[in-house]
Amino acid sequence: MTIALRRVTADDWETWRPVRLAALADAPEAFGSTLADWADAPEHRWRTRLSIPGALDLLAHAEDESVVGMASGVPGEDPGTAELISMWVDPSAALIRAVATWAASAGADTLELSVMPDNATARRTYERCGFTAADEPGDPLPDGRHEVVMRRDLTAERTLNAYERAADRYAERTVDHRAGLVDDLLALVPVGARVLELGSGPGRDALALEAAGLVVDRTDGARTFVDALRSAGHEARLVDVRSDAFGGPYDAVFANAVLLHVGRTELESVLVRLRDAVHPGGVLAATVKLGDGDAWSTRKLDLARHFTYWTPGPLAEVVTGSGWTDVDVRETTRPGADERWLTVTARRP
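The text that follows walks through the structure, step by step, so that each part is easy to find. (Residues numbered from 1 in each chain as written. Predicted model: local features only at pLDDT ≥ 70, side-chain atom pairs only at ≥ 80, totals over all residues. Heavy atoms only, no water.)

### Details of the overall build of the chain
Inference 1: Each helix and strand counted, the chain has 13 helices and 16 strands in total.
Inference 2: In the chain, the share of contacts with a sequence separation of at least 24, taken over all contacts with a separation of at least 6, comes to 60%.
Inference 3: Summed over its atoms, the accessible surface of the chain is roughly 16,900 Å², and 51% of this surface lies on carbon and sulfur atoms. (Helix = DSSP H or I, 4+ residues; strand = E, 2+ residues; numbered from the N terminus. Contact = heavy atoms within 4.5 Å. Areas by Shrake-Rupley, 256 points an atom, 1.4 Å probe, with all protein chains shown as cover.)

Structure representation (structure tokens):
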């Protein structure tokens with residue numbers, strides 16, 4: 001599901017009143033009052049309780065315009081942070097992703113929220129969405145306890161925001177010849193193979209794969225690229241490699257210069273899900289940047305993108321550890337290039 005955000009209007013409050021009443025019935029302690037206190041409350045009291053001064057109230061809706069949630073947020077106390085102060089949602093993961101994207105586009109590095117200390121369900125939900133509990137206690141509660149502060153790093157969202165803002169620039173500054181990874185994949189799969197392409201971007205490699213007789217499922221994490229591919233007459237899906245379903249099963253996964261944006265600790269879980277997205281015997285073909293550590297770079301787009309660098313040994317260990325076999329990692333830097341690259345191919349047993 002794709003979620004878009006817009007500011008809450010006066011007409012939205014009445015629509016969302018039943019949702020809040022249902023939440024209050026399930027967890028009155030979180031509201032500090034009872035259902036009876038609010039069931040017949042006038043609209044102005046609802047707004048005072050639910051819309052905090054200085055907050056940005058956002059309504060989330062799906063592509064069919066159906067409303068799936070609401071969130072309120074404010075700038076955090078520390079520079080570069082945003083605080084998610086309330087949320088009513090179905091499904092939660094999609095809205096959290098939309099809010100994280102909004103916060104990153106506003107310049108935040110971190111998204112923060114607080115949960116009640118005994119609300120284990122909410123805490124598990126946020127942990128599945130990339131939040132971790134902070135060491136310091138949150139705001140004090142009347143019973144002497146404190147709220148639990150949870151934070152989510154927005155590195156991935158900031159990188160995607162760079163692609164969203166500079167998709168045309170990326171296309172203009174990307175060489176127009178097909179990637180060498182195309183030939184690597186063609187050597188491993190037969191004509192007619194169905195391929196999941198991650199990070200289709202402007203679509204150059206997909207065209208080359210299709211010209212060679214493969215069937216390509218185009219995906220990208222940036223809506224700008226997906227919209228451009230659709231406008232050009234191609235089917236394309238918006239996919240976050242960290243959490244979205246890949247579909248399948250496919251004969252191969254093609255990921256040219258995509259997994260280099262996945263954090264070091266996240267890569268294995270992504271590779272496990274990619275393994276499960278291909279048939280037994282299915283193939284992985286991917287490229288990452290060769291180097292140590294990780295870093296932000298404004299090269300090519302003049303906007304900051306985050307990269308995770310790999311050396312052959314550790315990368316091969318992660319790929320093998322995620323259940324792929326026949327793992328081959330080798331340097332494939334082009335002569336004269338100012339950056340070094342690794343290509344990895346592997347097969348699902």
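Okay, back to it.
### Here's the deal with unusual backbone geometry
Inference 1: The step from Gly 248 to Pro 249 runs through a cis peptide bond, and the omega angle for that step is 5 degrees.
Inference 2: Turning to its location among the elements, Pro 249 is positioned in the loop between strand E10 (236-238) and strand E11 (250-255).
Inference 3: Although it is not a glycine, Ala 257 sits at a positive phi angle of roughly 55 degrees.
Inference 4: Within the fold, Ala 257 resides in the loop between E11 and helix H12 (267-276).

### Observations concerning the pattern of salt bridges
Inference 1: A complete count under the given rule lists 22 salt bridges for this structure.
Inference 2: When the shortest N-O distance is used, the salt bridge between Asp 183 and Arg 178 registers 2.4 Å.
Inference 3: Overall, the relative accessible area of 35% leaves Arg 178 in the partly exposed class.
Inference 4: Where Arg 242 meets Asp 240, a salt bridge forms, and the shortest distance between an N and an O atom there is 2.7 Å.
Inference 5: Looking at Asp 240, the relative accessible area reads 9%, which means it is buried. (Salt bridge = Lys/Arg side-chain N within 4 Å of Asp/Glu carboxyl O. Buried < 20%, exposed > 50% of the residue type's maximum accessible area, 1.4 Å probe, protein only.)

### Focus on the sheet that holds E11
Inference 1: Strands sit in the order E10-E9-E8-E11-E12-E16-E15 across an open sheet of seven strands; the sheet is mixed. Either end of the sheet is taken by a strand with one partner, and the two such strands are E10 and strand E15 (325-331). Each strand of the sheet is rotated relative to its neighbour by a mean of 15 degrees, with strand direction disregarded.
Inference 2: Pairing between strand E12 (residues 278-289) and strand E16 (residues 341-347): seven bridges, direction antiparallel. When the sheet's bridge partners are listed, Thr 287 is paired in E16 with Thr 343.
Inference 3: Contacting strand E9 (215-220) and E10, helix H11 (residues 223-231) runs over the sheet at an angle of about 165 degrees to E10.
Inference 4: In the packing of helix H13 (residues 312-321) onto the sheet, the strands contacted are E12, E15 and E16, and the crossing angle to E15 comes to about 155 degrees. (Pairing = 2+ DSSP bridges. Axes fitted to C-alpha atoms, helices over the stretch in contact; angles between N-to-C directions.)

### Here we look at the nonpolar core
Inference 1: In terms of nonpolar packing, the biggest core is built from 33 residues, with Leu 198, Leu 259, Leu 271, Leu 274 and Leu 315 touching the most fellow members.
Inference 2: For this core, the secondary-structure elements that each account for two or more residues are strand E8 (194-198), E11, H12, E12, H13 and E16.
Inference 3: Ile 3, Ala 82, Ala 108 and Leu 113 belong to the second-largest nonpolar core, a separate cluster that totals 25 residues. (Core = buried A, V, L, I, M, F, W, Y, C linked by side-chain atoms within 4.5 Å.)

### Overview of the packing of H12 against H13
Inference 1: Contact geometry for H12 and H13: axes closest at 8 Å, N-to-C directions at 45 degrees. By the angle class used here, H12 and H13 are oblique. Once H12 is placed against H13, the crossing between them reads as right-handed. Seen from H12, the contacting residues are Leu 267, Glu 268 and Leu 271; seen from H13, they are Leu 315, Val 318, Val 319 and Gly 321. (Parallel < 35°, antiparallel > 145°, perpendicular 65-115°, else oblique. Left-handed = near helix turned anticlockwise from the far one by under 90°.)

### Some details on the packing of aromatic side chains
Inference 1: Throughout the structure, instances matching the rule amount to five aromatic pairs.
Inference 2: Ring centres of Tyr 126 and Phe 131 lie 5.7 Å apart, and the angle between their planes is 70 degrees; this geometry places the pair in the edge-to-face category.
Inference 3: Aromatic pair Tyr 163 and Tyr 170: ring centres 5.6 Å apart, planes at 75 degrees, arrangement edge-to-face.
Inference 4: Overall, the relative accessible area of 16% leaves Tyr 170 in the buried class.
Inference 5: The ring of Phe 307 is capped by Lys 289, whose NZ or CZ atom sits 3.7 Å from the centre of that ring. (Phe/Tyr/Trp six-rings, centres within 6.5 Å; stacked < 30°, edge-to-face > 60°. Lys NZ or Arg CZ within 6 Å of the ring centre and 35° of its normal.)

### A short note on helix H6 (residues 120-128)
Inference 1: Those residues of H6 that fall on the buried side of the exposure criterion are Ala 122, Thr 125 and Tyr 126. Seen end-on, H6 carries its buried residues on one side only, within an arc spanning 95 degrees.
Inference 2: Phi for Gly 130, located one or two positions after H6, is positive at around 95 degrees. (Arc of directions from axis to C-beta.)

### With respect to H13
Inference 1: Of all the residues in H13, the buried ones are Leu 315, Val 318 and Val 319. All buried residues of H13 project into a common sector of 95 degrees when viewed along the axis, lining one side.
Inference 2: Looking at the buried side of H13, the elements it contacts are H12, E12, E15 and E16.
Inference 3: Gly 323 lies just past H13 and shows a positive phi near 100 degrees.

### Some details on the side chain of Arg 305
Inference 1: With respect to the secondary-structure elements, Arg 305 resides in strand E14 (residues 305-308).
Inference 2: The buried charged residue Arg 305 lacks any salt bridge, with Glu 339 as its nearest oppositely charged partner at 6.7 Å.
Inference 3: A distance of 3.1 Å separates a polar atom in the side chain of Arg 305 from the backbone oxygen of Arg 299.
Inference 4: Aside from chain neighbours lying at most four places away, what touches Arg 305 is Thr 159, Ala 162, Tyr 163, Tyr 170, His 261, Ala 295, Trp 296, Ser 297, Arg 299 and Lys 300. (Lys, Arg positive; Asp, Glu negative; His and termini not counted. Polar contact = N/O pair within 3.5 Å; in protein donor to acceptor, adjacent residues only side chain to side chain.)

Keep in mind these numbers describe shape, not what the thing actually does.
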